[in-house]
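Each chain, letter by letter, is given below.
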Amino acid sequence: MKFLLSILLIALLSFAAALYMPWWTIAVAAFIVALVFNMSGGKSFLAGFLAIFLLWSVMSFLISSNNGHLLAHKVSLLILSVDNPYYLILATGLIGGLVAGFAALTGSFLRTKQS
Amino acid sequence: MRLIPFIISLLITCLLIGALSKQWTIGGKKAPAFGSFFSPQHGFWQNAEATDHDFSADLKFPQLGGKVEVYFDDRLVPHVFAEKTNDAYFVQGYIHAKFRLWQMELQTFAAGGRVSEVIGEKGLEHDREFRRLGMVYAAEIAQKEMEKDPEIKAECDAYTAGVNAYINSLTESTLPLEYKLIGYKPELWSNLKTSLFLKYMSYDLASHENDIEMTNAKSYFSAEDFAKLFPAVQDSLDPIIPKGTPFEKQKVFPVAPAGVDSIYFNSKDVAINETQKADPENGSNNWAVSGSKTVSGAPILCNDPHLGLNLPSLWFEMQLSTPDFNAYGATFPGAPSVIIGFNDNAAFGFTNGGRDVRDYYEIKFKDDSRKEYWFDSSWRATTFRVDTIGISGREPFIDSVAYTVFGPVMFDKSYSGKRSLNDKYYAVRWTAHDPSNELKIFTLLNKAKNYADYSAAVTNLHTPGQNCVFACKDGDIAIRTQGDWPAKWKGQGDFIMPGTDSSYMWQGMIPQDEVPFQYNPERGFVSSANQKPVDETYPYYIGRDYPPYRGITINKRLGDTTKFSPESMMKLQTDNFDGFAATVMPLILKNMQTGSFNADESKYFDLLKNWNLRDDIGAKGATVFEVVWQHFEDTVFNDEYAKAPKVIMRPHESTLAEALLKDSAFKFLDDINTSQVETLADNITAAFKQAALDLKTIEADGRLDWEKYNGVGIRHLGFIPQFSRLNLKTAGGSHAINANRSNHGPSWRMVVSLTAKTEAYGVYPGGQSGNPGSRFYDNFVDQWAEGKYYPLWMMTKAEVKNKSVKWKITFTN
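**A few points about the overall build of chain B**
Check the secondary structure of chain B and you find 23 helices and 30 strands. For 813 residues, the compact-globule formula gives about 28 Å, and the C-alpha radius of gyration of chain B, at 28 Å, lands near that figure. Principal axes of the C-alpha set define a box for chain B whose edges measure 95 × 70 × 65 Å. Put simply, chain B has 813 residues, and 53% of those count as buried. For chain B, the share of sequence-separated contacts (at least 6 apart) that also reach a separation of at least 24 residues comes to 71%.

As structure tokens, then:
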């Protein structure tokens with residue numbers, strides 16, 4: 001329950017913060033939530049990773065679907081050298097997920113005791 | 001707290017964020033900063049415009065004087081209705097920026113020699129060339145001139161304010177995609193940038209000279225050979241102003257300097273010895289027929305400017321409607337007004353004049369400091385313009401250019417432009433450096449009601465000189481070969497001139513009342529296709545390099561057809577008949593010695609023989625002809641050119657054809673390296689055999705069909721292939737009216753029938769949006785490639801409920 005709640009909170013906080021602030025606020029959000037929720041390092045990393053992986057890949061999937069994947073075809077070819085919008089969506093999720101995962105891990109290490 | 005793991009983890013997180021915020025160079029290319037680029041709320045995903053995106057909005061700007069309503073139709077063409085004229089220009093600026101900001105800024109960076117600021121050191125050569133040519137100098141002079149005119153100043157100010165209103169509304173997520181990819185931000189617009197953009201058009205259209213190449217050709221060949229290779233007269237010419245038309249009495253009498261033969265014409269000073277420059281092929285067609293030649297009885301005007309084809313397009317379609325005027329057509333993102341289009345009473349269009357208005361003078365400096373130069377028997381002081389060229393990732397480059405009475409000394413010891421040997425100083429005299437107010441033409445044309453208005457408008461055009469075509473509902477048609485044309489003595493400026501005295505300077509411009517024009521000619525039509533504007537009876541020397549063939553085809557068709565409709569005009573504009581091939585084909589077929597042909601050669605010869613002379617899709621004969629002619633020219637001239645300097649003029653396209661039609665024993669047919677005398681038949685057959693080898697490779701590559709060989713494509717301005725539309729299946733060729741070739745061709749096709757309710761059609765190879773993530777980015781390309789048009793809708797305020805209106809933006813103060 002705590003795990004799911006932390007995922008939800010990281011995603012929500014990140015989404016709201018990114019409306020006004022730079023992309024890396026996802027790290028701040030993951031860090032704070034991990035600090036507050038006080039889970040083990042592994043669980044914290046996973047929560048951070050999943051939260052942003054899901055947020056970013058779902059968001060990019062929705063944007064891309066509404067766009068008929070028009071731009072994703074072009075950008076995947078340009079950046080990944082393959083014409084596959086889903087790879088691009090996956091890459092998006094992974095980049096965000098990794099950053100949030102490590103930020104959450106950092107947050108969890110800041111707590112002296114673990115529950 | 002577990003300190004060590006905490007620190008390690010913190011470090012990894014920070015490093016990760018740092019790495020994702022940096023622009024790495026991968027495979028020689030600078031990649032975007034991946035963190036922000038991939039963030040769905042900041043990066044490229046934000047540019048993936050929903051296919052049902054709603055463009056409607058209500059916007060408030062205190063700068064506006066009244067209300068402006070903009071209706072977007074289903075092709076995303078904005079129809080702007082403004083209560084105050086200058087508000088229309090504000091909104092035009094805003095909308096240009098909204099859909100084309102990156103391109104607008106890039107073009108002004110290119111014009112002003114600031115590309116290195118974006119792409120780094122590899123832009124430096126370009127930047128130096130443009131600065132040294134005096135592009136910024138020219139733009140500053142033009143800006144001053146425009147701002148002297150209160151009407152044009154107000155128009156420019158409103159336009160600039162509109163562009164800036166949009167730029168100020170941008171956030172990280174709404175930046176155009178290319179800024180995110182390359183990693184920079186737009187700066188504010190200014191009237192200088194508008195002026196720079198217009199100078200960019202001058203660079204594109206008024207730099208038709210080969211003075212350096214011609215100087216070497218003159219030095220390398222004997223006077224007799226030179227005259228044969230570069231004749232000043234074209235026998236086949238069908239000029240813009242028909243032969244036999246009387247001209248105004250000559251008022252300016254340019255006099256060649258004393259000793260011109262020994263000092264200038266017969267000077268054998270080879271000045272230059274490096275790589276060759278590219279030869280731009282900017283041509284265009286325009287014509288108007290009077291009501292006597294149309295089904296409806298109303299004049300029809302047509303125009304298709306041939307320019308470099310890019311995405312986003314040079315053009316943006318829109319309608320501007322104010323209490324002063326109501327105009328529709330192609331606009332330049334970067335400048336106010338409609339450029340090629342029509343209003344409720346008239347239509348207007350342009351083709352390039354293509355005369356030589358840029359000459360070079362060799363300067364003699366006292367010493368390397370370039371502070372003084374020898375002129376009219378004394379040392380004169382230069383002024384210096386010091387340019388600081390910013391370079392991304394490096395300290396700036398400081399360039400200092402000396403200015404003389406002629407203009408900037410573009411080529412000197414520090415700059416060769418890959419064309420000079422660095423030991424000569426060449427100053428450039430260019431009409432684009434003279435004060436002018438080009439925007440005035442368009443402002444006035446947008447409201448022109450009749451021939452008098454048109455004449456008053458176009459006479460403001462100085463550079464780039466254009467053949468301005470006009471038709472109006474009064475029934476008048478007209479064409480004027482308008483521009484500032486130096487009155488030259490014969491041969492003046494064909495080569496680099498001595499810059500040590502004033503006798504070689506231009507002695508004045510051709511007076512405006514001697515600029516050739518036609519108004520309601522008896523033949524019922526006016527036309528131009530970049531051919532030489534006048535025949536030899538015109539009193540002024542206007543150079544020798546003009547493409548004759550499209551003009552011949554157009555005039556023949558316009559003369560032969562008795563009744564035109566908009567539909568037949570569209571057919572004519574996309575006609576693929578190859579006028580050049582038609583001229584030379586009988587000669588080729590007659591002189592081909594087919595007896596020695598192998599199977600491949602026979603096959604290709606059959607393709608050539610059976611070709612219908614049209615550059616159509618699938619026409620294999622067109623490919624054969626192109627390759628054969630190339631080899632034929634090489635066979636004829638390569639022996640003479642073998643030891644020539646690398647930078648040298650080759651004969652113009654029509655020269656060989658015209659020479660052979662006149663004299664089949666043309667001197668250059670003989671191979672100077674053999675003892676026997678080669679004939680025309682020897683040359684053609686030898687060329688064909690070589691061509692057959694090339695054709696075999698071309699066929700093996702699957703490129704024998706004309707459209708594949710011709711390879712027409714629309715390139716992204718930043719050379720990103722994924723944002724380009726390459727290898728289109730489209731017809732046409734450089735000698736056809738439909739002048740498609742590689743990345744060059746009809747950039748805007750327009751047909752306007754001036755019936756009581758105007759009937760107009762148009763298309764350009766692009767789309768209204770400059771965003772590669774929009775469905776409106778390239779949605780006109782296929783229509784264009786197929787030679788089809790869209791009806792152009794001059795909307796009225798009563799039609800706001802029309803089902804074609806999809807979105808509306810309201811601007812209020």
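**Structural notes on the overall build of chain A**
Each helix and strand counted, chain A has 5 helices and 0 strands in total. Ordered by position from the N terminus, the helices and strands of chain A form the series α-α-α-α-α. Principal-axis analysis of the C-alpha atoms gives chain A an extent of 50 × 25 × 25 Å. Here chain A holds 115 residues, and the buried ones make up 55% of them. Here the analysis covers contacts within chain A between residues at least 6 apart in sequence; of these, 72% occur between residues at least 24 apart.

**A closer look at helix α16 (residues 566-573) of chain B**
Residues and elements named next belong to chain B. What α16 keeps buried is the set P566, M569, M570, L572 and Q573. The buried residues of α16 occupy one face: seen down the axis, they fall within an arc of 160°. Considering only its buried residues, α16 is in contact with β7 (300-308), α15 (549-560), β27 (749-753) and β28 (759-763).

**Here we look at the environment of N191(B)**
Residues and elements named next belong to chain B. Looking at the element boundaries, N191 is found in helix α9 (residues 191-205). Placed 169 residues apart in sequence, N191 and K22 show a C-alpha to C-alpha distance of 34 Å. Setting aside residues no more than four positions away along its own chain, N191 makes contact with Q143, E147, C156, D157 and T160.

**Brief notes about the environment of A51(A)**
Residue and element names in this part refer to chain A. As for its placement among the helices and strands, A51 is situated in helix α3 (residues 41-66). With 29 C-beta atoms packed within 10 Å, A51 lands in the buried category. It is 8.5 Å that separates the C-alpha atoms of A51 and A30, two residues lying 21 residues apart in sequence. Sequence-distant contacts of A51, defined by excluding residues within four places in its chain, comprise I7, I10, A11, A30 and A100.

**Observations regarding the pairing of strand β6 (residues 284-289) of chain B**
All names here are of chain B. Burial runs high along β6: 6 of the 6 residues are buried. In terms of strand pairing, β6 meets β7 through 6 bridges, oriented antiparallel. Each bridged residue has a counterpart across the sheet, and for S284 the counterpart in β7 is P305. Relative to strand β24 (residues 525-528), β6 runs antiparallel, the two being bridged by 4 bridges. Bridging from a neighbouring strand, W287 pairs with S527 of β24.

**Some points on unusual backbone geometry**
Residue and element names in this part refer to chain B. That bond from L311 to P312 is cis: its omega, -10°, falls within 30 degrees of zero. A cis geometry characterises the amide bond from T463 onward to P464, with omega recorded as 0°. Along the chain, P464 falls in the loop between α14 (451-458) and β20 (466-472). One non-glycine residue, L76, lies in positive phi territory at about 65°. Judged by the 20 C-beta atoms lying within 10 Å of it, L76 is buried. Its identity is not glycine, yet R370 carries a phi of approximately 60°, on the positive side. Its place among the elements puts R370 in the loop between β13 (358-362) and β14 (372-375). Residue classification places R370 among the buried positions, given that 21 C-beta atoms sit within 10 Å.

**Some thoughts on the sheet that holds β13(B)**
Pairing between the strands of a sheet is mediated by backbone hydrogen bonds and can be parallel or antiparallel. All names here are of chain B. If you walk across this open sheet you meet the 4 strands as β18-β19-β13-β22, and the pairing is mixed. Each end of this open sheet is capped by a strand with a single partner; those strands are β18 (409-411) and β22 (497-498). Relative to β22, β13 runs parallel, the two being bridged by 2 bridges. Bridge pairing in β22 places E362 opposite P498.

**Focus on the interface of chain B and chain A**
Residue-level contacts link 32 residues of chain B with 34 residues of chain A. If you list the elements that add at least two residues to the side of chain B that touches chain A, you get α1 (3-21) and α2 (34-38) of chain B. Examining the composition of the side of chain B that touches chain A, we find that 9 residues originate from one element, α1(B), more than from any other.

**Quick look at the sheet that holds strand β10 (residues 326-331) of chain B**
Residue and element names in this part refer to chain B. Read across the open sheet, the 11 strands follow the order β3-β30-β4-β5-β9-β10-β11-β12-β20-β21-β23; overall the sheet is mixed. Edge strands, defined here as strands with exactly one partner in the open sheet, are β3 (57-60) and β23 (517-519). Taken over all neighbouring pairs, the strand axes of this sheet differ in orientation by 15° on average, direction set aside. Sheet topology note: the strand β4 (residues 68-73)/strand β30 (residues 805-812) ladder contains 6 bridges and is antiparallel. By the bridge assignment, V70 is partnered in β30 with I809. Where α14 meets the sheet, it contacts β12 (346-352), β20, β21 (477-482) and β23, and its direction lies at approximately 10° from that of β21.

**So, the packing of α15(B) against helix α17 (residues 579-591) of chain B**
All names here are of chain B. Here α15 crosses α17 at 100°, and the two axes come no closer than 7 Å. By the angle between their axes, α15 is roughly perpendicular relative to α17. On α17, the residues touching Y549, R550, I552 and T553 of α15 are G579, F580 and T583. Split by residue class, the contact of α15 with α17 holds 3 nonpolar, 3 polar and 1 charged.

**Regarding the confidence of the model for chain B**
Residues and elements named next belong to chain B. The pLDDT averaged across chain B works out to 94; a share of 98% of its residues lies at or above 70. Note on residues 275-279: pLDDT under 50 across the span, and 5 contacts to partners over four residues away in sequence or across chains. Across the interfaces of the predicted complex, the ipTM metric reaches 0.97, alongside a pTM of 0.95.

**Things to note about helix α5 (residues 124-132) of chain B**
When α5(B) is considered as a whole, its buried residues turn out to be D127(B), R128(B), F130(B), R131(B) and R132(B). On its buried face, α5(B) is in contact with α3 (85-111), α4 (116-119), α6 (135-148), β16 (383-391), β17 (394-403) and β18 of chain B.

**Some details on the nonpolar core**
Residues V91(B), A288(B), Y426(B), F470(B), V628(B) and V751(B) are the most contacted members of the largest nonpolar core, which totals 211 residues. Among the elements that line this core, the one with the most residues is α3(B), at 15 residues. In contact with V751(B), other than residues within four places in its own chain, are I300(B), C302(B), P566(B), M569(B), M570(B), Q573(B), A760(B), Y761(B) and Y789(B). In terms of nonpolar packing, the next biggest core, distinct from the first, is built from 52 residues, A34(A), I95(A), A104(A) and L20(B) among them.

**Points about the pairing of β20(B)**
Residues and elements named next belong to chain B. In terms of burial, β20 is a largely internal element, 7 of the 7 residues being buried. Here β20 shows two buried faces, one formed by Q466, C468, F470 and C472 and the other by N467, V469 and A471. One ladder, built from 7 bridges, connects β12 with β20; its direction is antiparallel. Along β20, the bridge assignment pairs A347 with A471. Connecting the antiparallel pair β20 and β21 is a turn made up of 4 residues, with G475 showing a positive phi of about 105°.

**What about the environment of A432(B)?**
Residues and elements named next belong to chain B. Structurally, the position occupied by A432 is in the loop between β19 (426-430) and α13 (439-447). According to the C-beta neighbour criterion, A432 is buried, with 29 such atoms within 10 Å. Those residues in contact with A432, other than ones at most four positions away along the chain, are A138, K199, S202, A206 and T463.

**Remarks on the packing of α3(B) against α9(B)**
All names here are of chain B. Two numbers describe how α3 lies on α9: the axes approach to 8 Å, and their chain directions differ by 65°. When the axis of α3 is compared with that of α9, the two are roughly perpendicular. Here the hand of the crossing between α3 and α9 comes out left-handed. Residues Q107, T108, A110 and A111 of α3 form the contact with α9, whose participating residues are K193, L196, F197, K199, Y200 and Y203. Looking at the contact of α3 with α9, its residues break down into 6 nonpolar, 2 polar and 2 charged.

Reading the values: rules and limits
Residues numbered from 1 in each chain as written. Chains lettered and ligands numbered in written order. Predicted model: local features only at pLDDT ≥ 70, side-chain atom pairs only at ≥ 80, totals over all residues. Helix = DSSP H or I, 4+ residues; strand = E, 2+ residues; numbered from the N terminus. Rg over C-alpha atoms; globule rule 2.2 N^0.38 Å. Buried ≥ 20, exposed ≤ 12 C-beta atoms within 10 Å, placed from the backbone. Contact = placed C-beta atoms within 7 Å. Arc of directions from axis to C-beta. Pairing = 2+ DSSP bridges. Axes fitted to C-alpha atoms, helices over the stretch in contact; angles between N-to-C directions. Parallel < 35°, antiparallel > 145°, perpendicular 65-115°, else oblique. Nonpolar A, V, L, I, M, F, W, Y, C, P; charged D, E, K, R; others polar. pLDDT = per-residue confidence, 0-100. Core = buried A, V, L, I, M, F, W, Y, C linked by C-beta atoms within 7 Å. Left-handed = near helix turned anticlockwise from the far one by under 90°.

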